[in-house]
Amino acid sequence: MKGIRRTGDGIDIELEPGEMRFLKNLPQLVRSRLIQSRDKPLVEGPFPADDHELLCREIQRIRDERLAAYEHDLSLPDQADTCLHIPDNRVDSWLGFLNDVRMMLAAELPEPESWHDVSDTDPHRGDKLLLHYLSWIQGAILSAGCGIDMRESWTDDET
Amino acid sequence: MCETCSMSAMLAVMNGSLPVAVQAPSKIRETGTEEDLGFAAPWHVIVWNDPVNLMTYVVFVFQRVFGFNRQKAERHMLEVHRHGKSIVATEDREQAELHVTQLHGYGLQATIRKADAG
């Protein structure tokens, strides 16, 4: 049965082959998106800087370091095509990585708070659907790996 | 940090902004250069609401960063969700700054505020 479940020393993620390929290639996808947005003034609004070029270089350095750490922690060369095992000591890395990707996708939306709403004609439909999919995976890992489940009384799925 | 405070105290003394004549070193500390800088006073760590982070992820982060039990982590998460923010810790400034850095690393929006700032 496909899904994400707890095992003895971590969690198993069993997905369709296409989903698994996508998940394994996610660090590379993120890297290419970051390279595309290398010169984008992502933090100009909240953090105006005298030296914009220096700021961009510093942000890029942090991104590169973080991505390199993820690519190291998330490397899964010997996994099967439809199932991957995440040991307990890498669950945090996976959760952090998935969250960073979600934040990156949301930051590129004109209205990040509207990521829940996806219509057929939405020009950002692709990114929003990706956000939903990654949210499902992140939530499932939190449930299986950490035992943290969404409660009905919380009413919806964002903070 | 102590070296910085000591240096600041020395500069303050040299500038004449601190009384020195009759005070032993321990008294100089009490008069408060550290307090002026806000290192001795308690600071709040505040987590702010955002539209992207999952509620379960926020519970996870609170448990990881602060060592909260599940009940306490959920209570703070719901406070963030319902009231826009939650004071998750009150501690010395250095520790508060460390916690804010950790929270940013997890993708949460957090700031510090002096506890007596109203």
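Coordinates for the structure precede this section.
So, here's what we can say about the structure. (Residues numbered from 1 in each chain as written. Chains lettered and ligands numbered in written order. Predicted model: local features only at pLDDT ≥ 70, side-chain atom pairs only at ≥ 80, totals over all residues.)

### Remarks on the environment of A:Phe97
Residues and elements named next belong to chain A.
Reasoning step 1: Mapping phenylalanine 97 onto the fold places it in helix α4 (residues 88-107).
Reasoning step 2: A sequence separation of 45 residues divides phenylalanine 97 from leucine 142, and the C-alpha atoms of the two residues are 13 Å apart.
Reasoning step 3: When sequence neighbours within four positions are dropped, the list of residues in contact with phenylalanine 97 reads Tyr70 and Leu74. (Helix = DSSP H or I, 4+ residues; strand = E, 2+ residues; numbered from the N terminus. Contact = placed C-beta atoms within 7 Å.)

### A few points about the sheet that holds strand β2 (residues 85-91) of chain B
Residue and element names in this part refer to chain B.
Reasoning step 1: In space, the 3 strands of this open sheet follow the order β2-β1-β3, with antiparallel pairing throughout. Lying at the two open borders of the sheet, with one neighbouring strand each, are β2 and β3 (109-114). Adjacent strand axes in the sheet meet at a mean angle of 25 degrees, parallel and antiparallel pairs treated alike.
Reasoning step 2: Bridge analysis of strand β1 (residues 43-48) against β3 gives 6 bridges, and the strand direction is antiparallel. Its bridge partner being in β3, tryptophan 43 is matched across the sheet by lysine 114.
Reasoning step 3: Relative to β3, helix α6 (residues 93-105) is tilted by about 165 degrees, and along the sheet it contacts β1, β2 and β3. (Pairing = 2+ DSSP bridges. Axes fitted to C-alpha atoms, helices over the stretch in contact; angles between N-to-C directions.)

### Regarding the packing of α4(A) against helix α5 (residues 125-146) of chain A
Residue and element names in this part refer to chain A.
Reasoning step 1: At a minimum axis separation of 10 Å, α4 and α5 run at an interaxial angle of 160 degrees. When the axes of α4 and α5 are compared, the pair comes out roughly antiparallel. For the pair α4 and α5, the crossing hand works out as left-handed. Where α4 abuts α5, its residues Val91, Trp94, Leu95, Leu98, Asn99, Val101, Arg102, Leu105 and Ala106 lie against Asp127, Leu130, Leu131, Leu134, Ser135, Ile137, Gln138, Ile141, Leu142 and Gly145.
Reasoning step 2: Its residues assigned to classes, the contact of α4 with α5 shows 13 nonpolar, 4 polar and 2 charged. (Parallel < 35°, antiparallel > 145°, perpendicular 65-115°, else oblique. Left-handed = near helix turned anticlockwise from the far one by under 90°. Nonpolar A, V, L, I, M, F, W, Y, C, P; charged D, E, K, R; others polar.)

### Considering helix α4 (residues 55-66) of chain B
Reasoning step 1: Along its 12 residues, α4(B) runs 16 Å from first to last C-alpha, staying within 8% of the 16 Å computed at 1.5 Å per residue.
Reasoning step 2: Every buried residue of α4(B) is accounted for by B:Met55, B:Thr56, B:Tyr57, B:Val58, B:Val59, B:Phe60, B:Val61, B:Phe62 and B:Val65.
Reasoning step 3: Buried-residue contacts for α4(B) involve α4 and α5 of chain A together with α5 (70-83), β2 and α6 of chain B.
Reasoning step 4: After α4(B) finishes, the residue B:Gly67 shows a positive phi value of roughly 70 degrees. (Expected span 1.5 Å × (residues − 1). Buried ≥ 20, exposed ≤ 12 C-beta atoms within 10 Å, placed from the backbone.)

### Remarks on the sheet that holds strand β3 (residues 83-87) of chain A
All names here are of chain A.
Reasoning step 1: Spatially, β1-β2-β3 is the arrangement adopted by the 3 strands of the open sheet, whose pairing is antiparallel. Each edge of the open sheet is held by one strand with a lone partner, namely β1 (3-7) and β3. The mean inter-strand angle of the sheet, taken between neighbouring strand axes irrespective of direction, is 20 degrees.
Reasoning step 2: Summarising the sheet, strand β2 (residues 10-14) and β3 pair through 5 bridges and their orientation is antiparallel. Counted as the bridge partner of isoleucine 13 is leucine 84 from β3.
Reasoning step 3: Relative to β3, α4 is tilted by about 105 degrees, and along the sheet it contacts β2 and β3.

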